[in-house]
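Below, each chain spelled out in residue letters.
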Amino acid sequence: MALEAIYEQDFLDCSYGFRPGRSAHQALEALRNASVYMAGGWVLEVDIQKFFDTLDHHHLQELVRRRVRDGVLLRLIGKWLNAGVMESGELSYSEAGTPQGGVISPLLANVYLHEVLDAWFERNVKPRLQGRTMLVRYADDAVMLFSREEDARRVMEVLPKRFAKYGLTLHPSKTRLVEFRRPDRRPPRDGGEGGPGTFDLLGFSHYWGLSRKGHWVVKQRTARDRFTRAVRKVADWCRLHRHRPIAEQHQALTQKLRGHFGYYGITGNHDALERFWKLTRHAWRKWLGRRSSRRRMPWHRMAGLLKRYPLPLPRIVRRWWAPA
């Protein structure tokens, strides 16, 4: 709490992760609105390899000392960083990284990346660019939007050197530059091939599409890997708990669906929500039918069960409005 009060004065608006009054949905909305306002451009996806495992203790403590003078607090932070991790009954220590799940880890990650990326981008990069640009970061997930390709390529070239200076490494294949210009702003290509690219951030794939009024807008749908992972987790849960009472299973699945809709229920993502809802019903029916080798769950019986134990319907929880 003491550190949060200190660093909230320093953190920039481009940072959204693990900060009071800020959320992943705010980051998504800000990026969407900026993309529409700038008619897209070039998006640089930044992926840090094993950030929480490779965060350099020496650099981090040096950054903290610039703002914190209390020796007791500094020693406490040092103890947190040097605390071992218990895995499978074995205690191990590491000279780098911060314990994932630790109460202090999210804030220390923001302190580190504020200096490594946010402040550097605002202080050193922006004044040297010719076009407009925007950075959105949520913890160690970040994307940069550029209106000019040459600006994007210059930053992409210098970014690995900047991160290496602080002991971090960019993923060679996941850190990539994507052309994300609005389709009607892209010059014609030979053969008419190639459309605007897509990129992922915070579990959503971003792509250009037409609104109901025929305007180009940035749409967001559940990323394929996140969708597959969520469906697999629900199916595994149904398999492992198929012998539990029906009412207990219904309560747990209801909570899972509401949690999924609460995060992924944004404007334009209803189709993905409906597919997840249908696949959840299929998984529940499949594993209820395997509670016994002599019985199966035909759909007419499942319909009766769902009438008695209805699963919550997909719904949009957060609506985006077109930027003015």
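The preceding data block contains the structure.
Here's a quick rundown of the structure. Quick caveat, the model's predicted, so the values are computed rather than measured. (Residues numbered from 1 in each chain as written. Predicted model: local features only at pLDDT ≥ 70, side-chain atom pairs only at ≥ 80, totals over all residues. Heavy atoms only, no water.)

As for the side chain of His 206
Turning to step 1, where the next piece is worked out: Within the secondary structure layout, His 206 lies in strand S8 (residues 204-210).
Turning to step 2, where the next piece is worked out: Only 3.1 Å separates the side chain of His 206 from the side chain of Gln 220, close enough to count as a polar contact.
Turning to step 3, where the next piece is worked out: When residues no more than four places from it in sequence are discounted, the contact partners of His 206 are Leu 28, Leu 31, Phe 180, Gly 197, Thr 198, Phe 199, Asp 200, Leu 201, Val 218, Lys 219 and Gln 220. (Helix = DSSP H or I, 4+ residues; strand = E, 2+ residues; numbered from the N terminus. Polar contact = N/O pair within 3.5 Å; in protein donor to acceptor, adjacent residues only side chain to side chain. Contact = heavy atoms within 4.5 Å.)

Some words on the packing of aromatic side chains
Turning to step 1, where the next piece is worked out: A full pass over the atoms with the stated rule returns twelve aromatic pairs.
Turning to step 2, where the next piece is worked out: Plain terms: the ring middles of Tyr 112 and Tyr 166 are 6.2 Å apart, the flat faces sit at 85° to each other, and that makes the pair edge-to-face. With Tyr 112 in helix H6 (residues 105-125) and Tyr 166 in the loop between helix H7 (149-165) and strand S6 (176-179), the pair connects residues that are 54 residues apart, well separated along the chain. Of the two residues examined, Tyr 112 and Tyr 166, each falls in the buried class.
Turning to step 3, where the next piece is worked out: Each member of the aromatic cluster is reached from another via a ring pair, and the members are Phe 51, Phe 52, Tyr 112 and Tyr 166.
Turning to step 4, where the next piece is worked out: In this structure, Arg 22 is placed above the aromatic ring of Tyr 16, and the distance from its NZ or CZ to the ring centre is 4.6 Å.
Turning to step 5, where the next piece is worked out: One cation-aromatic arrangement involves Arg 221 over Tyr 207; the distance from NZ or CZ to the ring centre is 4.1 Å. (Phe/Tyr/Trp six-rings, centres within 6.5 Å; stacked < 30°, edge-to-face > 60°. Buried < 20%, exposed > 50% of the residue type's maximum accessible area, 1.4 Å probe, protein only. Lys NZ or Arg CZ within 6 Å of the ring centre and 35° of its normal.)

Details of the sheet that holds strand S5 (residues 141-146)
Turning to step 1, where the next piece is worked out: Ordered by their spatial adjacency, four strands build an open sheet running S4-S5-S1-S6, and the pairing between neighbours is antiparallel. Looking at which strands have only one partner, the edges of the open sheet turn out to be strand S4 (133-138) and S6. The average angle at which neighbouring strand axes cross in this sheet is 20°, direction not considered.
Turning to step 2, where the next piece is worked out: With four bridges connecting them, strand S1 (residues 42-47) and S6 associate as antiparallel partners. For Trp 42, the partnering residue across the bridge sits in S6 and is Glu 179.
Turning to step 3, where the next piece is worked out: This element, helix H2 (residues 24-37), spans S4 and S5 of the sheet and lies at about 165° to S4.
Turning to step 4, where the next piece is worked out: Contacts between H7 and the sheet are confined to S1, S5 and S6, with S1 contributing the most and set at about 10° to the helix. (Pairing = 2+ DSSP bridges. Axes fitted to C-alpha atoms, helices over the stretch in contact; angles between N-to-C directions.)

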